[in-house]
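Report on the structure
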Amino acid sequence: MDPRLKPGRWRRRRNRRVRRIGALVLAIVLLALAVVFLRGHVHQKVQTLRAPLPPPRHHLTSWLRSGRDWTPNQTAQLRADLDKLAPADVFPVSTGMLVLDARNGHVLYSRNPELPLIPGSTIKLMTAAAALGALGSEYRFITSVVTDESPSGGVLNGNIWVVGGGDPELTSDNLRSAVHEIQLHGVQSVAGNVYADGSRYGPDRVSDTWEPDDLQYGWAAPASAVSIDGGSLQFTITPRAGTEAMVAVDPPGQNVIASVETAAEGSENTLHIDPLPNDGGYEVRGQIPYGAPQKYWRAVPHPTHAAAVSLLAMMKLAGIEVSGSAGESSPPAGATTLWEHRSRTLDLIIKQMFFLSDNHYAEELLRAVGWKAFGLGDLPNSFAAEKAFLQSNHVPSQGVVIADGSGLSARNRVTANCIAASLRFLLNQPLPEAPFTLLPRAGIEGTVAVRDLAPEAKGRVFAKDGYIQGASALAGYVLTMKHGPVIFVFLVNNWERGLDAVWANEDSMLDLIASR
């Protein structure tokens, strides 16, 4: 027998072969498990790395670099064509005009760009730019309700404060949500007082340069860090056949003496809403014709105190017993938060301000600029912070007067250069959408919907307008056909031929710019 075939040696060889095969199989299994583990581990790492990354919020600015450069001949032709549309008999010497290439700031057309003029509501462009520069586009205003004691057994043996953060959009419905949250904390009664803290912006006040006759209306309300419903009261007058009209006020809490007769349909409306002496409330009197309910708004003289009054009234209406009264005060350090409200982002607030030309928004934002710069947003600090913003953007401020943030004051004096610098600043902000969309489209929406542009220009002009007695202004952006975005500013004071002629020629100038 061949020795290689002896049973003992054969069995030993077979065992070694089996062990080798087993080791190989084990190695393959371990390798497979390792691959699965590593793939899962790598995938998990990738997921871990990807999860915290938010979706991109900021709009890419490739559009800002779009279009052909303006050649010297094209610029000269544009100037000649615009001169024909801006004759001296329509645009007086008190006119400031500026047209810039938005991509590099090169001047395409100008007339008195350094002449200080009344801007009307176009000063809101400067207010918005300063606010974005100070706070950033994603800033949110925070309003809170706090207490110095913890509720126990349904009783809060302390005080409650509503602490203002300067939210221009804070509403009475927000306060009602706060009351609901207070109830969810188990509060059934409050042994102390209800306060409002508006100290962030200092005393409630308006510009000393505003017309006294304007101060009663909602669009001229004082600014406050805790201003509800734009610092105004809404009076809803509902006629009722055969009896007195029903008068409702929101936010609640104000003392109202009402006696309004319901007259026949088509009769004269003789309604009066007058403040009572010593801030004692309002008297509503006269007659209103039968028909649909009508709404009127009046400014609140002291919005901070009014916020405390409204919160107290809402708590009582919700069934919360309050032993104390309403007042103004700041909470102690370490107060417990019962409710907190965060506003929309600043860019959305600014867009709303531009579309509605809302004075209240502008005045609140001006105070926010002052607060951010100096820790207190009173008027002197806010004016100083606004001027510092212009200086930081290398805008000459000689002859510039800033009397408010909204443009309601006839004392304001700004130059076309000031407005254009603000527009350039806005155009370079990192926003979710192209910054020019903060402004309404002229001829289509917002306060500039009345502009009569050619069909080819509509949708290409984004603008803010302004008007007070003897002063008209229009400024914004034009997306030209071939040369990318252009900045324009038209400031006209003391026209002689009439405002219709001014507007018609301005619209023609915008049509021309858009076509280039």
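Residues numbered from 1 in each chain as written. Predicted model: local features only at pLDDT ≥ 70, side-chain atom pairs only at ≥ 80, totals over all residues. Heavy atoms only, no water.

Observations concerning the packing of aromatic side chains
To describe a pair of aromatic rings, you give the distance between the ring centres and the angle between the ring planes. Evaluated as defined, the whole model comprises 8 aromatic pairs. An angle of 45 degrees between the planes, with centres 5.2 Å apart, marks the rings of F488 and F490 as tilted. Of note, R200 hangs over the ring of W371, and the distance from its end group to the ring centre comes to 3.9 Å. Positioned above the aromatic ring of W503 is the side chain of R451, whose terminal nitrogen or guanidinium carbon lies 4.4 Å from the ring centre. (Phe/Tyr/Trp six-rings, centres within 6.5 Å; stacked < 30°, edge-to-face > 60°. Lys NZ or Arg CZ within 6 Å of the ring centre and 35° of its normal.)

Section: the sheet that holds strand β2 (residues 107–111)
Taken in spatial order, the 5 strands line up as β2-β1-β19-β18-β17 in an open sheet, and their pairing is antiparallel. Unpaired on one side and paired on the other, β2 and β17 (461–468) mark the two borders of the sheet. Within the sheet, the average angular offset between the axes of one strand and its neighbour, ignoring direction, is 5 degrees. Sheet topology note: the strand β18 (residues 471–479)/strand β19 (residues 485–493) ladder contains 9 bridges and is antiparallel. Bridge assignment links L474 to a residue of β19, and that residue is F490. Strands in contact with helix α2 (residues 72–84) are β1 (95–101) and β2; relative to β2, the strand with the most contacts, it is inclined by about 30 degrees. (Pairing = 2+ DSSP bridges. Helix = DSSP H or I, 4+ residues; strand = E, 2+ residues; numbered from the N terminus. Axes fitted to C-alpha atoms, helices over the stretch in contact; angles between N-to-C directions. Contact = heavy atoms within 4.5 Å.)

Topic: the sheet that holds strand β5 (residues 160–163)
The sheet built from 5 strands is open, its strands ordered β15-β7-β5-β3-β16 with mixed pairing. The outermost strands of the open sheet, each flanked by one partner alone, are β15 (326–328) and β16 (336–342). Within this sheet the neighbouring strands show an average axis-to-axis angle of 20 degrees, counted without direction. Two strands pair when backbone bridges link them, and strand β7 (residues 194–197) and β15 are joined in this way by 3 bridges, in the parallel orientation. Its bridge partner being in β15, V194 is matched across the sheet by A326. Lying on the sheet, helix α4 (residues 172–184) is in contact with β3 (142–147), β5 and β16; it crosses β16 at an angle near 150 degrees. Together, β5, β7 and β15 form the strand contacts of helix α5 (residues 303–317), whose direction differs from that of β7 by roughly 145 degrees.

Structural notes on the confidence of the model for the protein
Low pLDDT means the predicted coordinates in that region are not meant to be read closely. Mean pLDDT over the protein: 89, with 88% of residues reaching 70 or higher. Every residue in residues 1–15 scores below 50 in pLDDT, and together they form 4 contacts with partners more than four places removed in sequence or on other chains. Across residues 33–58 the pLDDT falls below 50, and counting only partners more than four positions away or on other chains, this stretch makes 10 contacts in the model. (pLDDT = per-residue confidence, 0-100.)

Quick look at the nonpolar core
I350, F354 and L423 are the most contacted members of the largest nonpolar core, which has 56 residues in total. Of all the elements in the fold, those that place two or more residues in this core are β1, α3 (123–135), α6 (346–356), α7 (359–374), α8 (379–392), α9 (416–427), β18 and β19. In this view, I350 contacts A128, L132, L365 and L438; residues no more than four positions away in its chain are not counted. Within the second largest apolar cluster, 31 residues are counted, among which are A86, V99, L453 and V486. (Core = buried A, V, L, I, M, F, W, Y, C linked by side-chain atoms within 4.5 Å. Buried < 20%, exposed > 50% of the residue type's maximum accessible area, 1.4 Å probe, protein only.)

What about α2?
Along an α-helix, a turn takes 3.6 residues, which lines up residues three or four apart on a common side. With 13 residues, α2 ought to run about 18 Å at 1.5 Å a step, and its terminal C-alpha atoms sit 19 Å apart, in line with that. Listed in full, the buried residues belonging to α2 are T75, L78, D81 and L82. The buried side chains of α2 occupy one side of the element, clustering within an arc of 130 degrees when seen end-on. Among the exposed residues of α2, those oriented more than 90 degrees off its buried face are P72, N73 and K84. (Expected span 1.5 Å × (residues − 1). Arc of directions from axis to C-beta.)

Regarding unusual backbone geometry
Omega for the peptide link from D250 to P251 comes to 0 degrees, which places this bond in the cis form. Tracing the chain through its elements places P251 in the loop between β9 (243–250) and β10 (256–263). The backbone phi angle of N112 is positive, close to 50 degrees, even though this residue is not glycine. By the secondary structure assignment, N112 is in the loop between β2 and α3. A positive phi angle is found at D229, which is not glycine, with a value near 55 degrees. Tracing the chain through its elements places D229 in the loop between β7 and β8 (232–240).

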